[in-house]
Amino acid sequence: MTAFQIEDIRGFTSQLFVKETFDSFLLKEAKVVTYNSFSIDGRIRHGYFTEEELEENQIEEYSYWRTIRPICFSLIRGKRLPESFHIILKLAPKDVCKVAGQSGGAVRGEDIEGMYLNIRYENRELACITGLSMKTFTMDKTMDGLWDETVKEFFRSKGIV
């Protein structure tokens, strides 16, 4: 687990809420506090969709950030800054397998429950904290370090300071 203190808050929030930078992530949950407190559970309600829609659109357990992003943006847009927001993004399973593949076979993608990016804005400070959840207990921290480095490289490639 690594915490990244974001220096350019305006630039980061633009990439988060306006641009497509994080669109390939899944949304686990979001909480935005403005004039009210708004909570979003990113878990898909499969009963809402037909079997054909689920299969055709490859709907997974959670909504993609690209689907929920406009809703969250509408909550924070305006003249005043939000009091706070907390967003938990989860790496999509296909991308988890790609990252796990970089471990040299030490860990398989299916052994990983989730790779998370916790984004927290509070008191005019913005931090991103990585998190990793394995399906079984292991003392090996190879994936933790690999996930931290992957996020660091992702931020670097997107110009996030």
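Everything below is about the structure printed above this text.
Residues numbered from 1 in each chain as written. Predicted model: local features only at pLDDT ≥ 70, side-chain atom pairs only at ≥ 80, totals over all residues. Heavy atoms only, no water.

Participant: I keep staring at a negative patch on the surface and nothing clicks. Help me out?
Facilitator: Judged by side-chain charge, Glu51, Glu52, Glu53, Glu55 and Glu56 come together as a negatively charged surface patch. Mapped onto the elements of the fold, Glu51 is located in helix α2 (residues 51-56). Among the residues examined, Glu51 registers a relative accessible area of 61% and is labelled exposed. (Patch = residues over 30% accessible without salt bridge, like charges linked within 9 Å, V, L, I, M, F, W, Y side chains within 5 Å. Areas by Shrake-Rupley, 256 points an atom, 1.4 Å probe, with all protein chains shown as cover. Salt bridge = Lys/Arg side-chain N within 4 Å of Asp/Glu carboxyl O. Lys, Arg positive; Asp, Glu negative; His and termini not counted. Charge placed at Lys NZ, Arg CZ, Asp CG, Glu CD. Helix = DSSP H or I, 4+ residues; strand = E, 2+ residues; numbered from the N terminus. Buried < 20%, exposed > 50% of the residue type's maximum accessible area, 1.4 Å probe, protein only.)

Participant: Hey, could you run me through the packing of aromatic side chains in this one?
Facilitator: We describe a pair of aromatic rings using the distance from one ring centre to the other and the angle between the two ring planes. In total, this model carries 12 aromatic pairs according to the counting rule given. Between the aromatic rings of Phe22 and Phe25, the centroid separation amounts to 6.0 Å while the plane-to-plane angle is 45°, which identifies the pairing as tilted. Between the aromatic rings of Tyr48 and Phe49, the centroid separation amounts to 5.2 Å while the plane-to-plane angle is 85°, which identifies the pairing as edge-to-face. Judged by its relative accessible area of 70%, Tyr48 is exposed. Three or more aromatic residues link up through ring pairs in this structure, and these residues are Phe4, Phe12, Phe22, Phe25, Phe154 and Phe155. (Phe/Tyr/Trp six-rings, centres within 6.5 Å; stacked < 30°, edge-to-face > 60°.)

Participant: I keep staring at unusual backbone geometry and nothing clicks. Help me out?
Facilitator: Trans peptide bonds make up most of the peptide bonds, and negative phi angles are found at most residues other than glycine. Although it is not a glycine, Asn123 adopts a positive phi angle of roughly 55°. Looking at the secondary structure, you find Asn123 in the loop between β6 (112-122) and β7 (125-134).

Participant: What is the right way to look at the nonpolar core in this model?
Facilitator: The tendency in soluble globular proteins is for nonpolar side chains to be buried side by side. Counting residues in each nonpolar core, the largest one holds 37 residues, and the members touching the most others are Phe12, Leu16, Phe22, Ile87, Leu89, Ile119 and Phe155. Beyond its immediate chain neighbours, meaning those up to four positions away, Ile87 contacts Leu16, Phe17, Leu27, Glu29, Ala30, Trp65, Leu117, Asn118 and Ile119. (Core = buried A, V, L, I, M, F, W, Y, C linked by side-chain atoms within 4.5 Å. Contact = heavy atoms within 4.5 Å.)

Participant: Got a minute to help me understand the side chain of Arg69 in this structure?
Facilitator: Inspection of the secondary structure puts Arg69 in helix α3 (residues 65-76). A distance of 2.9 Å separates polar atoms of two side chains, one belonging to Arg69 and the other to Asp23. Residues contacting Arg69, with those up to four places away along its chain left out, are Leu16, Phe17, Val18, Lys19, Glu20 and Asp23. (Polar contact = N/O pair within 3.5 Å; in protein donor to acceptor, adjacent residues only side chain to side chain.)

Participant: Even after reading the chapter, I still don't get helix α1 (residues 9-17), so can you show me in this structure?
Facilitator: When we look at burial in α1, the residues that qualify are Phe12, Thr13, Gln15, Leu16 and Phe17. Buried residues along α1 sit in contact with β1 (3-6), α3, β5 (84-90), β6, β7 and α5 (142-157).

Participant: Even after reading the chapter, I still don't get the pairing of β7, so can you show me in this structure?
Facilitator: Looking along a regular strand, one sees side chains alternate from face to face of the sheet. Sheet analysis places β1 next to β7, joined by 4 bridges and oriented antiparallel. Paired with Ile6 across the two strands is Leu126, which belongs to β7. Pairing of β6 with β7 involves 10 bridges; the strand directions are antiparallel. Bridge pairing in β7 places Gly114 opposite Ser133. In this structure, the hairpin formed by β6 and β7 is closed by a connection of 2 residues, where Asn123 is found at a positive phi of approximately 55°. (Pairing = 2+ DSSP bridges.)

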